[in-house]
Amino acid sequence: MCPACGEVYSEADMEKEFSAVIASENEKETEKSPEQINRDYERIEEMNVEAAFALDESDIDEIIREKQLRDDSE
């Protein structure tokens, strides 16, 4: 039963619908050009730099402690 609308579906119906949604999404996806990929990476790098500047000293200390714990457990 669909929690949103209350309609009763069989498992086969749900699988067919799910497959149709996936096929539709795959059709929407287009291959990115190298320029688009580079822009995406630049945005990610910008976000990481902005996030790093937003950290205060206690955040940095916590990150270092967590990394040391992970390294010690390996």
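### Overview of the overall build of the protein chain
A count of helices and strands for the protein chain gives 3 helices and 0 strands. Listing each helix as α and each strand as β along the protein chain from the N terminus yields α-α-α. Buried residues in the protein chain amount to 1% of all 74 residues. Just so you have it, the protein chain exposes about 7,100 Å², and 54% of that area is on carbon and sulfur atoms.

### Brief notes about the pattern of salt bridges
Throughout the structure, instances matching the rule amount to 3 salt bridges. Among the salt bridges present, the one from E62 reaches R65, with a minimum N-O distance of 2.6 Å. Here E62 and its partner R65 are both found in helix α3 (residues 57-73), 3 residues apart, which amounts to about one turn of the helix.

### Considering the confidence of the model for the protein chain
Averaged over all residues, the pLDDT of the protein chain is 78; the fraction at 70 or higher stands at 81%. The least confident element of the protein chain, judged by mean pLDDT, is helix α1 (residues 11-28) at 76; the most confident is α3 at 86.

Cut-offs and rules
- Residues numbered from 1 in each chain as written.
- Predicted model: local features only at pLDDT ≥ 70, side-chain atom pairs only at ≥ 80, totals over all residues.
- Heavy atoms only, no water.
- Helix = DSSP H or I, 4+ residues; strand = E, 2+ residues; numbered from the N terminus.
- Buried < 20%, exposed > 50% of the residue type's maximum accessible area, 1.4 Å probe, protein only.
- Areas by Shrake-Rupley, 256 points an atom, 1.4 Å probe, with all protein chains shown as cover.
- Salt bridge = Lys/Arg side-chain N within 4 Å of Asp/Glu carboxyl O.
- pLDDT = per-residue confidence, 0-100.

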